[in-house]
Structure formats: structure tokens, C-alpha cells
Number of protein chains: 2
Amino acid sequence: MTDVVNLQKKLDSFQAHWEPKIVGELNGQHVRLAKFQGEFIWHSHAEEDEFFLVLSGSFEMLFRDKTVTVNEGEFLIVPRGVEHCPRAENEVQVMLFEPAATVNTGETGGPRTLDQLDQI
Amino acid sequence: MTDVVNLQKKLDSFQAHWEPKIVGELNGQHVRLAKFQGEFIWHSHAEEDEFFLVLSGSFEMLFRDKTVTVNEGEFLIVPRGVEHCPRAENEVQVMLFEPAATVNTGETGGPRTLDQLDQI
């Protein structure tokens, strides 16, 4: 319950892109780690705001009206209901905070949906 | 609402120790940045779990039955109800994730309590 978690060790333990792993849980929220490369899909979350902190690399978050670049040491909060699509030319390592109920593809669903996330 | 936040720029904008600043809000939770140096006070939070991620430096979290060291790139979750006391020999920069209602001194209160946190 009060163990120290090393982010790099957790990141080194998986390779898959677009498959967030649960590394902590508090107050009904998850701390997740993910690796992005390529382009994901457009989606939004009806009930969940999402926090993305870049641990290494950078990525672009596409919104319908703008694109923002998030570099290492920077974070972005995507409010519920806002359509977004993450894209990374090169691999980026990201920490997420979001409600435990958050589904990776939001309201869009489809083949890239993960029904269950691994806890690592 | 979807602005990118640079952690170092925010950290460079304040000096005070033990005075967390709000840098983001989502799902009723705050993302806070803080600088610790010296020893805080023993306290617990009846209703809130707290997440501490070290951005630079290191600190010790004292528990009643053990002490853990949290280094740069590591995080610790302190569950609600668990007494703790952070201590840092040298300045440490920390990102916190916790419910917006979380009071810095928890149930202990006293002169080090901050009634309101700055949003920076």
C-alpha cells in the first residue's frame, strides 16, 4: 500500500503501444503508464477528464480546432466531452491520471478498445 | 482548458516550502506542485489518498512503522487514514495528485495549515 514505485522500471517492463498499464490507484482514479507511437483514434470520454504527462519524448494531441504538442516535462488535461486524438511520430512515454472507469477509446469504441488493463 | 503546462516553468515561479500550488484540476482532483525542505508535521487525511511524485531531489516519508525514501522518478501513494510525515534534508520538487478538498495538514491542523492554495 505504501510501496515506492519507480516509473522507469515500470516502463521498462512492457513494450506495447496504446495499452495503458495501471501502476497506482487512489480516490477512484488510476495512475497509468503508456507508450504511444503512431496515431490513435478520435474519441471523447463522456464523464472523464484525462491528464497526460510526458515522461520522455513528445506527442501531438489533435483537437477538432487545434493541435498541441506536449513535450517531456509537460502535461495536458483533456476535459470530458472534448474529442481528441493522440499522435506520436516517435515513441513517447506518458503518465495518465484518470478515473478508474476510463475506457481507452471512450465513446468511440471499436477494435482498439481494451476491455481490461493490466496492473503492473 | 487544453493548454499545455510545463512543470519546470511552474516550479520556477515559486520558492516557498510546504505550500503546494494548484496547477491542474480534473475529476474533482488537484494536480499540485510543491517544494519540501526540512520536516513537516505528522498528520493523516480521513477521506483522501495522496500521490507524491518526485520531480527532482528526494525525500523521506516517515510512517509510524517504517520510513521510505522516494527518489526522482519515483512515486508513493499514502492511503487515507495513514499517519505520515514528509522530511527532506535538501529541497525536493514534488507533484501531488489528490482530491481538491485535501488540506495540507489533514486532521492535525494547526499553524502550518493553508486555508487556501494558490493556483499558478
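Residues numbered from 1 in each chain as written. Chains lettered and ligands numbered in written order. Predicted model: local features only at pLDDT ≥ 70, side-chain atom pairs only at ≥ 80, totals over all residues. Heavy atoms only, no water.

Colleague: Can you walk me through the interface of chain B and chain A in this structure?
Modeller: Where interface size is quoted, it is often the accessible area lost as the parts come together. If you look at the interface, chain B gives 36 residues, while chain A gives 36 residues. At the boundary of chain B with chain A, the tally comes to zero salt bridges. Listing elements by their share of the side of chain B that touches chain A, those giving two or more residues are β1 (5–6), β2 (21–26), β3 (29–39), β4 (50–56), β6 (67–71), β7 (74–78) and β8 (84–99) of chain B. For the side of chain B that touches chain A, the class distribution of residues is 19 nonpolar, seven polar and 10 charged. Where strand β1 (residues 5–6) of chain A and β7 of chain B come together, two bridges link them in antiparallel fashion. Note that in β7 of chain B the partner of Asn 6 of chain A across the bridge is Glu 74 of chain B. (Contact = heavy atoms within 4.5 Å. Salt bridge = Lys/Arg side-chain N within 4 Å of Asp/Glu carboxyl O. Helix = DSSP H or I, 4+ residues; strand = E, 2+ residues; numbered from the N terminus. Nonpolar A, V, L, I, M, F, W, Y, C, P; charged D, E, K, R; others polar. Pairing = 2+ DSSP bridges.)

Colleague: Mind showing me how you'd approach the layout of surface pockets here?
Modeller: A probe as big as a water molecule, rolled over the atoms, marks out the empty space that is left. In this structure, the largest pocket occupies an estimated 420 Å³ of space. Along the walls of the largest pocket sit 20 residues, with Leu 55 and Glu 72 of chain A together with Val 54, Leu 55 and Glu 72 of chain B positioned nearest its centre. Contributions of two or more residues to the lining of the largest pocket are made by α1 (7–12) and β4 (50–56) of chain A together with α1 (7–12) and β4 of chain B. Residue composition of the lining of the largest pocket, grouped by class: 10 nonpolar, eight polar and two charged. (1 Å grid on protein atoms, 1.4 Å probe; cavity = no way out; pocket = protein on both sides within 12 Å on 5 of 7 lines; lining within 4 Å. Points joined across faces, edges and corners; volume = space filled by probe spheres on them.)

Colleague: How should I be thinking about the nonpolar core in this particular structure?
Modeller: For soluble globular proteins, nonpolar side chains are generally found buried alongside one another. Residues Phe 51 and Met 95 of chain A together with Phe 51 and Met 95 of chain B are the most contacted members of the largest nonpolar core, which totals 28 residues. Contact partners of Phe 51 of chain A, with chain neighbours within four places excluded, come to Phe 75, Leu 76, Ile 77, Met 95, Leu 96 and Phe 97 of chain A together with Leu 26, Val 31 and Met 95 of chain B. (Core = buried A, V, L, I, M, F, W, Y, C linked by side-chain atoms within 4.5 Å. Buried < 20%, exposed > 50% of the residue type's maximum accessible area, 1.4 Å probe, protein only.)

Colleague: Just to check I follow, could you spell out the packing of aromatic side chains for this structure?
Modeller: Here a ring pair, both rings aromatic, is described through the centre-centre distance and the interplanar angle of the planes. The full count for this structure, using the stated rule, is 15 aromatic pairs over all chains. Ring centres 4.8 Å apart and planes at 35 degrees place the aromatic pair Phe 51 of chain A and Phe 75 of chain A in the tilted group. Pair noted here: Phe 51 of chain A is in strand β4 and Phe 75 of chain A is in strand β7 (residues 74–78), with a separation of 24 residues, a long-range link. Assigned by exposure class, Phe 51 of chain A and Phe 75 of chain A land together as buried. Between Phe 97 of chain A and Phe 51 of chain B the ring centres are 5.1 Å apart and the planes differ by 85 degrees, which places this aromatic pair in the edge-to-face class. Of this pair, Phe 97 of chain A sits in strand β8 (residues 84–99) while Phe 51 of chain B sits in strand β4, each in a different chain. Just as Phe 97 of chain A is buried, Phe 51 of chain B falls in that class too. Taking NZ or CZ as reference, Arg 64 of chain A lies 3.8 Å from the ring centre of Trp 42 of chain A, over its face. (Phe/Tyr/Trp six-rings, centres within 6.5 Å; stacked < 30°, edge-to-face > 60°. Lys NZ or Arg CZ within 6 Å of the ring centre and 35° of its normal.)

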